[in-house]
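As a plain string of letters, each chain reads:
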Amino acid sequence: MQDFQSKVQSLLCAIRALEGDKALQQERKLPSDCYFLSEDTVLSYRRDDGDARYPYAYDGLTLWAYASGNVKMEESTFNHFLPVFEAKEPYLAFFAGIKQEDGYFPVSLLGPAKQAFEKGIRRYTVFTPQAAYYFTETPAFLSVVRMLVDDKKLLRLSVYLENTGDTVCETYVSTYINFLNSHATYENLETKWYKRCTANDYGYILHTTEYRGRENCMEHYAAIARSPYNGFIDRTTSHSVYTGSMHNQLNCSTALINGKFGVEKLHTEFTETAVAGDIIPVKLGAKESFVVSYTAAFYDDKEKAETMVATNRETAAIDEYVARKACEDKNKTADERMPIIKFGDMLGQGLNAVAIEYFIQNVLRQVEFCTRSKNYAGTLIGIRDIFQQVEAALTWIPTYSRGKIVEALGYIGDDGRAPRQYSYPPAKGILPQMDLRPYIDQGVWVISTVYTYLCFTGDYSILDEVCGYYKFDGNAVAFSDDKDTVLDHLVRIAEYLLSKLAADTGCLRALYGDWNDALDGLGVSADKSRDFGDGVSVMATLQLYKNLAELCDIFHATGKYTDKIDGYMQRRESIRQGLQKHAIVQNDKGERKIVHGWGDKLRYKIASYCDNDGLSRDGLTSNAYWILCDALVWDKSLKKDIMQAYERLDSKYGLKTFEPYFARDNKDVGRITKLPKGTAENGATYIHATLFGLWSMFEVGESEKAWEQLFKILPLTHKNISTTPFIMSNSYLYNEEKGLDGESMSDWFTGSGCVLIKTLVWEVFGLKPDLHGLTVRPARYFPCDTASISMRVKGCDIQLQYRKTGENKRRFLVNGVERASVYDETAQTEKIYFTDAELAQGELTIEALD
């Protein structure tokens with residue numbers, strides 16, 4: 001087992017090797033002064049124009065470790081550490097002191113709360129899947145802070161301090177922990193009234209009281225245990241004692257300058273902020289080192305907290321966990337084996353095979369993290385968000401994904417309406433917080449994800465799983481005793497959606513909005529006595545059109561609900577007629593557009609030749625989903641019009657959501673007008689949507705153009721990324737007037753990661769299972785000489801390799817034997833098919849030769 005000190009030395013060796021090898025730097029380089037040290041390890045140097053981060057999580061408890069040294073920690077709607085943005089005081093900090101004649105010069109070991117006039121101090125961060133490591137090099141010592149969440153939902157913190165000089169080093173290690181431990185989302189005047197902290201010989205007990213109503217008072221405890229140490233430890237529970245004054249910030253702490261607290265205060269509550277603070281004096285000989293660790297556990301029971309703080313204190317236990325998880329990560333079980341995706345060098349784009357492979361592996365981690373999370377971006381989980389993530393992750397974590405599907409279906413309304421967002425109840429008997437604004441698209445993602453699960457796993461037993469409902473009355477949530485199967489839930493969802501078809505057009509009413517939720521004005525009613533009008537989302541209508549076919553496939557395969565098949569197919573035909581009549585507009589030159597949608601009573605259309613603001617506009621998602629939902633078969637000549645729309649939407653950073661943007665004086669379309677030009681959905685490259693577009697390009701054989709878009713949005717092709725550069729970002733902003741050029745709103749919690757993986761699997765490598773078998777149809781064009789994927793479909797291990805060999809026509813070899821192919825006119829390439837019986841063989845090696 002590798003202990004903390006050995007791990008530090010191992011990482012240092014890798015960093016020094018990288019810094020001394022220009023060729024290796026070029027191979028491993030990421031944007032914004034970051035580098036891959038290995039497939040799963042990233043080195044991030046400090047920067048002033050953005051921040052990278054990495055989540056360390058178990059069962060929804062998530063520690064966000066930022067490269068800047070900031071942290072936040074949460075579980076669903078519960079906040080342990082609040083987020084820290086733009087130089088706000090940190091809630092977690094570590095310090096050491098450089099000895100001076102009149103005290104110490106405090107050095108922040110994470111970075112935040114550092115001294116303004118530091119010299120000769122260098123910081124960088126290393127992210128591994130198991131832990132984050134914060135390195136600080138000074139003329140006197142090297143320090144490394146390790147932080148993680150383990151599989152017992154314990155926060156583990158360790159500090160390593162090494163005297164790098166040849167003489168004795170007198171210093172200290174100081175720890176500052178300020179937990180919120182509440183469902184509150186901010187601090188206020190009353191925060192300190194209900195928080196108290198007590199120090200003992202082993203660590204600290206921090207106790208928070210939270211009132212959620214007259215009859216609901218919750219008590220939260222954080223037990224903070226320090227690793228055993230025989231020397232003197234100066235302790236405090238008072239923020240003002242730690243800083244030296246109620247008015248001092250951490251970087252002005254007189255205690256850190258003096259190397260000791262002015263007074264002893266082992267209990268704090270009500271009058272000031274209660275914290276846990278240590279100063280441990282350390283004297284190190286030449287090359288000697290010191291380690292101290294802290295373990296924090298969270299309870300709603302005082303006795304458990306008091307018991308824990310006296311145990312679970314050894315640094316070796318943390319070392320053992322890190323080593324074990326590293327081994328498990330490299331040896332995924334058969335049920336949890338990530339796809340292995342590789343491409344050859346793409347030198348025309350400046351991309352090498354190693355960087356591409358490492359990046360994709362980290363995006364796979366991004367998708368799995370999002371799938372396992374208990375919240376998404378904010379404190380709640382979006383239905384559309386989690387089901388899109390599950391649809392990608394189910395290819396390698398099918399068992400977990402199955403459970404997540406069943407769990408999430410338990411938050412559906414008993415009328416079949418899916419909430420926009422939900423949360424985990426804070427305690428038994430308490431209703432969960434939900435966002436019940438009726439965005440019409442929520443349910444369509446549920447149906448398509450369950451269908452994809454069946455196609456990739458063949459596990460029909462999920463349809464018999466029993467789950468419950470809630471009652472929705474307007475914006476109010478109530479408990480329901482109603483329970484039935486997953487298949488029953490899907491039917492209720494479909495019936496709810498069908499009940500929202502507009503009488504005048506036969507298309508799906510937008511209500512509060514669709515996937516592009518900033519465009520939330522289409523559903524507004526001209527009749528103020530109605531909550532919503534008959535404004536329509538074309539994208540959501542297309543998704544429902546496809547859902548009905550998916551459900552009929554399931555009914556045929558299971559023999560259940562077969563009495564609904566004819567009715568659903570008739571409704572599907574009615575939807576087709578409505579879309580063809582109303583969603584396609586034409587100008588006097590005979591050119592056509594697919595509109596994004598329209599307002600109540602067809603008063604105006606959006607993304608038409610003349611929108612409500614008099615402008616000719618293009619929208620991305622309706623064009624993409626016209627292809628992805630199989631509507632192009634109605635009139636294949638529309639492909640030309642869709643591709644022309646994509647050309648008009650193209651930009652420096654890829655396809656935009658809309659072009660032109662919506663100005664602030666546009667009163668009809670919703671809050672999108674309040675977003676600045678070139679940001680988010682209002683004329684930016686919203687990467688999630690861009691991927692919908694390039695996915696559709698692959699689907700219709702426009703592979704070269706799809707790859708052009710993919711290269712524009714991959715972080716690897718950018719010099720700077722304002723967020724985390726080794727996973728997919730949310731968007732690229734562009735507005736020269738506002739000084740915006742390529743920045744992103746966010747990372748990790750974004751659909752761009754899961755859509756990238758689905759596009760690579762389904763379109764680039766062309767692995768497209770259905771309920772009866774598997775189609776293999778790699779993209780018509782590859783920008784490299786070789787590519788491969790290894791993954792599991794319906795229990796069959798698939799090895800697919802693409803190679804350019806100078807063939808006149810694409811050929812397929814299956815287990816070394818040539819197999820006849822069929823030409824796909826839509827995708828403009830060859831394809832082969834395997835039945836479920838063939839997949840039952842367990843292994844297939846497929847070669848696609850060009």
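Residues numbered from 1 in each chain as written. Predicted model: local features only at pLDDT ≥ 70, side-chain atom pairs only at ≥ 80, totals over all residues. Heavy atoms only, no water.

**Student:** Explain the sheet that holds strand β12 (residues 141–149) to me, please; I cannot follow it from the model alone.
**Tutor:** Neighbouring strands of a sheet are bound in pairs by backbone hydrogen bonds; such pairs are parallel or else antiparallel. On the basis of which strands lie adjacent, the open sheet formed by twelve strands has the order β1-β2-β3-β10-β11-β12-β13-β21-β17-β16-β15-β19 and antiparallel pairing. Both edges of this open sheet fall to β1 (29–30) and β19 (267–269), since each of them pairs with a single strand only. Both strand β3 (residues 41–45) and strand β10 (residues 122–127) contribute to a ladder of four bridges, which runs antiparallel. Note on β10: the bridge partner recorded for L43 is V126. Along the sheet, helix α6 (residues 315–330) contacts β11 (132–137), β12, β13 (155–163) and β21 (289–299); its crossing angle with β12, the most-contacted strand, is approximately 70 degrees. (Pairing = 2+ DSSP bridges. Helix = DSSP H or I, 4+ residues; strand = E, 2+ residues; numbered from the N terminus. Contact = heavy atoms within 4.5 Å. Axes fitted to C-alpha atoms, helices over the stretch in contact; angles between N-to-C directions.)

**Student:** What should I look at first to understand the pattern of salt bridges in this one?
**Tutor:** As a working rule, side chains carrying opposite charge can pair if their charged atoms are close by. Under the counting rule described, the total for this entry stands at 68 salt bridges. Between D319 and R146 there is a salt bridge whose closest N-O contact spans 2.9 Å. One end of the pair, D319, is in helix α6; the other, R146, is in strand β12, with 173 residues separating them in the sequence. Neither residue differs from the other here; D319 and R146 are each classed as buried. In this structure, K265 engages E272 in a salt bridge whose closest nitrogen and oxygen atoms are separated by 2.9 Å. On the basis of relative accessibility, which here comes to 26%, the residue K265 falls in the partly exposed class. What emerges from the salt-bridge pattern is a single network uniting R384, R420, D435, R437, D441, D517, D520 and R671. (Salt bridge = Lys/Arg side-chain N within 4 Å of Asp/Glu carboxyl O. Buried < 20%, exposed > 50% of the residue type's maximum accessible area, 1.4 Å probe, protein only.)

**Student:** Where do I start with the side chain of R53 in this structure?
**Tutor:** Structurally, R53 can be placed in strand β4 (residues 53–58). Polar contacts involving the side chain of R53 include one to the side chain of Y66, which spans 3.4 Å. Setting aside anything within four residues of it in sequence, one finds R53 in contact with W64, A65, Y66, K72, F127, T724, F726, D747 and W748. (Polar contact = N/O pair within 3.5 Å; in protein donor to acceptor, adjacent residues only side chain to side chain.)

**Student:** How should a negative patch on the surface be read in this particular structure?
**Tutor:** Together, D300, D301, E303 and E306 give the surface a local cluster of negative charge. Counting through the fold element by element, D300 comes out in the loop between β21 and α5 (302–309). Take D300: its relative accessible area is 53%, and that puts it in the exposed class. (Patch = residues over 30% accessible without salt bridge, like charges linked within 9 Å, V, L, I, M, F, W, Y side chains within 5 Å. Areas by Shrake-Rupley, 256 points an atom, 1.4 Å probe, with all protein chains shown as cover. Lys, Arg positive; Asp, Glu negative; His and termini not counted. Charge placed at Lys NZ, Arg CZ, Asp CG, Glu CD.)

**Student:** In this structure, what is going on with the nonpolar core? I would like to understand it.
**Tutor:** One recurring pattern in soluble globular proteins: nonpolar side chains tend to sit buried together. Formed by 224 residues in total, the largest nonpolar core has its most connected members in M147, F343, W626 and F726. At eleven residues, helix α12 (residues 538–558) tops the list of elements feeding residues into this core. Once you skip the residues sitting within four places of it in the chain, M147 turns out to touch L63, A65, V71, L92, L110, A131, A132, Y134, R156 and L157. (Core = buried A, V, L, I, M, F, W, Y, C linked by side-chain atoms within 4.5 Å.)

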